[in-house]
Every structure is written in C-alpha cells, then in structure tokens.
Amino acid sequence: MALIVQKFGGSSVANRDRLFNVARIVANTHNEGNDVVVVVSAQGDTTDDLIAKAGEITHDPSKRELDMLLATGEQISIALLAMALAEIGCSAISLTGWQAGFHTDRAYSRARIKDLDTERIESELARNRVVVVAGFQGLNRYDDITTLGRGGSDTSAVAIAAALHADLCQIYTDVDGVYTADPRVVPNARKLDTITFDEMLELASLGAQVLNNRSVELAKKYSVNLEVRSSLTNVPGTIVKEVVDVEGMLIKGVAKDDKVAAVSILEVPDQPGISFKVFSLMAQNKINIGIILQSVGRSGNKDLLFTVPLEDAPLTQRLLEENRSRFGGREIKVDTDVAKVSIVGAGMQSHPGVASKMFETLYENNINIQMIATSEIKLSVIIKKEEADRAVAAVHDAFFR
Ligand code: ADP
Ligand code: ASP
Ligand code: MG
C-alpha cells in the first residue's frame, strides 16, 4: 500500500465524461489499496473565463477580489469530482485549499505556500476516504483567499506530496508526458522517459507550461517522485528525478515563452550606480528581471537592455519614465512584440558547439537575435514574436532530427 497524490489539470476535468474518466482512474488507484489525495484544477477554460468576466467590470481589478473570483473555479471541480467518485462507489470528500491547510504569503495572484497543515487531509485518509483538494488556492494571514499564479495546481499537488511524504506524485494532463518541445507546436517532438529536476525546472521556467516551475522547485527540494502522464491514454509518462540515466541526448528540449517584453534604455551615462538605480526600482515593485545585457561604454554612454514579464510591461514603462531623472538615458523602449526561445540540457556543459548550432540554425532561417543569455544548462535568445514558432521548429529539427 502506498500514498499517491494525483493531480488533474483543467482539460482532464473539462466536462462530465472527463470527470467520470478521472473518477475511474482515482477509484482504481484506491481499490488497489492505496491512499489517494487528488488535486484538481478548474474545468477547461474556466480560469480564463473568470478573468474575462472581471474584465467586463474593470480593467484594473483589485488583486484580492480577483483571487476571490478565480478560486471559485477549482471549488466547482472538487465538488463535482467528489460526486462522481461517490456515484461509482468510491468514498470521497472534497476540501478547499484552506480546508486542506494551505497557508500562503500575502501576494495575491502569485502567492507562495508558507505552510501546509495536513491534519484534516490525514484524518480523512484515516477514514479510508479519497481526499479531493482544490488546487491553486490558499489563505493568507488575514484569512483572505489567495491564488498561487497560473498553473499553480501543480504546485499544490507537489506540496501535498512533500508534506505527506507521498510515495508518488502523478501530474495527469492532456499530453503523454514531457516532450522535447510543445507537441502542439512541433508535431515530431519526442516524449522523454526521464528528465532531471534541473532540466525540467529550466524548461518550465522558460515556457514549457506542462509543469509549473514552482512545482518543480518544490519537488527537487523535497525529493518528490514526480511523474507527468496523460489522463486520456494509459501509457507510462515522463519521470522527473534528480539524476537520469545517460540517454546520449545533448539537449532535452526546446521551449518558447511569448509572455516577455524587452526593455531598452539607450544612452545612460557610463558611470557607477546606474544599474543599481534601475534594477532596485524594478525589485521594489516586484518585477522579475530575466535577461540583462549592457553594452560597452562609448563616448561616456552605454545601453541597458533587459526583459520583464509581459504583464509587467506597462508598469515597467511607467516606472522608468517617472524615475528617468535618477538614471538618465536618451530613450526608453518597451517592446512587447518579442519571444524567448530556449534550448535546455545538462549535456550542453560538456559539449562545445551547441550554441553555434543554434545560432547557425537561426541564421539559416533568417531570424535575427536581439538578446542572448546562457547558463550551464540552457541557452535563450530573444527574437521577434512572429518568428518564434518557426524558430522552435527549426531549432528542434537541428537537434533532434
Ligand atoms: P493542465 O491543464 O493539465 O495543467 P497545461 O495546459 O497547463 O495542462 O499543460 C499541458 C500543455 O503543455 C500541453 O497541452 C502542451 O501543449 C504544453 N506543453 C508545452 N511544452 C511542452 C513540453 N515540452 N512537453 C509537453 N507539453 C508541453
Ligand atoms: N486553474 C488555474 C489556472 O488556469 C490553476 C491551474 O490550472 O493549475 O492557471
Ligand atoms: Mg497546468
């Protein structure tokens, strides 16, 4: 007998048939003698629809009220799944995030889990019930509802698995596992049998939405056994773990993130303190910086370029313009028409020529690179948004043909 956490994403619970499909997977696991905690997301496009509803009222909703609204999506799913489980004879109880013990920090819409009190989940498991928990939500210290950021149900599931020392955490989704690129964009992408936490963390952070990056961070920290698999086909998925057997693959995947904006501040004075002033301003306003580039100083000036999340582009523009007198600069540009395309793989560390192969491929496809960033296991380029899918396909072809 094992303790298994199973998470089902929005498409897996989208309608009645899908809910009963999920109920059967869960009931089978339970009938095999396992304790099961299930985490579910909102059905189908519910979260997007709720955001659109808020948009009918205001362009700038209070983040507290938006979280109050978005958390309702997951609450529908848990109740319906618990009913479906009862209908097929499996004893189950639904719990909201707060009933399940999720305490978060105050950051509405991107809250972090601070503490998970598993007492209620454990007492329900002890009564041989399947426990169905609403993903993506928690409560802050003012007893207000918070949400964990888009894709946050993955993080809820991994957090429960970590806290309960579960034997396995299965992330069920609408693809068979983690692929070498988004299989919807690159039809000949291959499924990976295994991938390391570090590689998966990079892929997730660089736009492969199949797993939320915080969930991977948590899984690595607490050594959670993680599997990504399909709720629609019964085939083995991808195992995410600390070390994987050498598969001879230099690169594990190609990812695209088109939710970035490129900021340039042209001709700031070439003197100490400029970067500090710009980036402390960003940090004070909780804007995450991606790639940073600074040109060599010329005639006493230099250019500062960096990326920010697309959603922070308007705020970034406003802050930089309002505070321009502090750091100078001839022109501030915020380009929202860009995307980041990245390759990820631990094999890059020991194999020269990976970067040149990527650049050659982009050159052959007449795609201009605006910025480049590297780490030990990833290489990212910023290019025009409209060229991103073509770039992903070409780069994937170059490395996986
Ligand atoms: P869920 O609703 O189950 O959480 P998501 O839509 O968040 O599902 O994530 C699954 C989607 O991630 C897939 O449908 C696929 O299009 C996309 N995806 C992006 N990159 C990858 C990748 N490298 N491997 C698998 N899926 C990917
Ligand atoms: N329903 C939330 C979202 O769409 C959380 C999740 O699906 O993980 O982002
Ligand atoms: Mg998801």
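All values reported here derive from a predicted model rather than from experimental measurement.

Parameters at a glance
Residues numbered from 1 in each chain as written. Chains lettered and ligands numbered in written order. Predicted model: local features only at pLDDT ≥ 70, side-chain atom pairs only at ≥ 80, totals over all residues. Heavy atoms only, no water. Pairing = 2+ DSSP bridges. Helix = DSSP H or I, 4+ residues; strand = E, 2+ residues; numbered from the N terminus. Axes fitted to C-alpha atoms, helices over the stretch in contact; angles between N-to-C directions. Contact = heavy atoms within 4.5 Å. Salt bridge = Lys/Arg side-chain N within 4 Å of Asp/Glu carboxyl O. Buried < 20%, exposed > 50% of the residue type's maximum accessible area, 1.4 Å probe, protein only. Right-handed = clockwise from strand over helix to strand, strands pointing away.

A.B. asks: Would you explain the sheet that holds strand β12 (residues 238–241) in this entry?
C.D. replies: Hydrogen bonding along the main chain pairs the strands of a sheet, whether they run parallel or antiparallel. Across the sheet, which stays open at both edges, the eight strands sit in the order β3-β6-β2-β1-β9-β11-β12-β10 with mixed pairing between neighbours. The open sheet has two free edges, formed respectively by β3 (92–95) and β10 (194–196), since each of these has just one partner strand. Taking each pair of neighbouring strands and ignoring which way they run, the sheet shows an average axis angle of 20°. Sheet strands touched by helix α6 (residues 197–205): β10 and β12. Its angle to β10, the strand with the most contacts, is close to 85°.

A.B. asks: Please explain the pattern of salt bridges as it appears in this structure.
C.D. replies: Should the charged atoms of two oppositely charged side chains come close, the side chains can pair. Counted according to the given criterion, the structure contains 25 salt bridges. For Asp-154, the salt bridge identified is with Lys-7, shortest N-O distance 2.7 Å. Linking Asp-154 in helix α5 (residues 153–163) with Lys-7 in strand β1 (residues 3–8), this pair joins segments that are 147 residues apart in sequence. Both residues of the pair, Asp-154 and Lys-7, belong to the buried class. Glu-124 is paired through a salt bridge with Arg-129; the nearest N and O atoms lie 2.6 Å apart.

A.B. asks: Any chance you could explain the pairing of β1 here in plain terms?
C.D. replies: Burial analysis of β1 places six of its six residues in the buried class, which makes it a mostly covered element. In β1, alternate side chains face the same way, and those of Leu-3, Val-5 and Lys-7 on one face and Ile-4, Gln-6 and Phe-8 on the other are all buried. Here β1 runs beside strand β2 (residues 35–40); their pairing, made up of six bridges, is parallel. By the bridge assignment for β2, Gln-6 is matched with Val-38. As a crossover connection, the stretch from β1 through helix α1 (residues 16–31) into β2 is right-handed. Pairing geometry for β1 and strand β9 (residues 168–173), over five bridges, is parallel. For Lys-7, the partnering residue across the bridge sits in β9 and is Ile-171.

A.B. asks: When you look at the environment of Val-133 in this model, what are you seeing that I'm missing?
C.D. replies: By secondary structure assignment, the location of Val-133 is in strand β6 (residues 130–134). Judged by its relative accessible area of 0%, Val-133 falls in the buried class. Each C-alpha atom of the pair Val-133 and Gln-75 lies 8.7 Å from the other, and the pair is 58 residues apart in sequence. Apart from residues no more than four positions distant in its own chain, Val-133 is found in contact with Val-37, Val-38, Val-39, Val-40, Ile-78, Leu-95, Ala-100, Phe-102, Ile-121 and Ile-160.

A.B. asks: Looking at this structure, how should I read the sheet that holds strand β15 (residues 301–309)?
C.D. replies: Ordered in space as β14-β15-β13-β16-β18-β17, the six strands form an open sheet in which the pairing is antiparallel. Two strands lie at the open edges of the sheet, namely β14 (292–294) and β17 (371–374), each paired on one side alone. Taking each pair of neighbouring strands and ignoring which way they run, the sheet shows an average axis angle of 25°. Both strand β16 (residues 331–344) and strand β18 (residues 378–384) contribute to a ladder of seven bridges, which runs antiparallel. In the sheet register, Val-341 faces β18, and the bridge partner there is Val-381. On the sheet, α6 packs against β13 (253–269), β16 and β18 and is oriented at approximately 65° with respect to β13.

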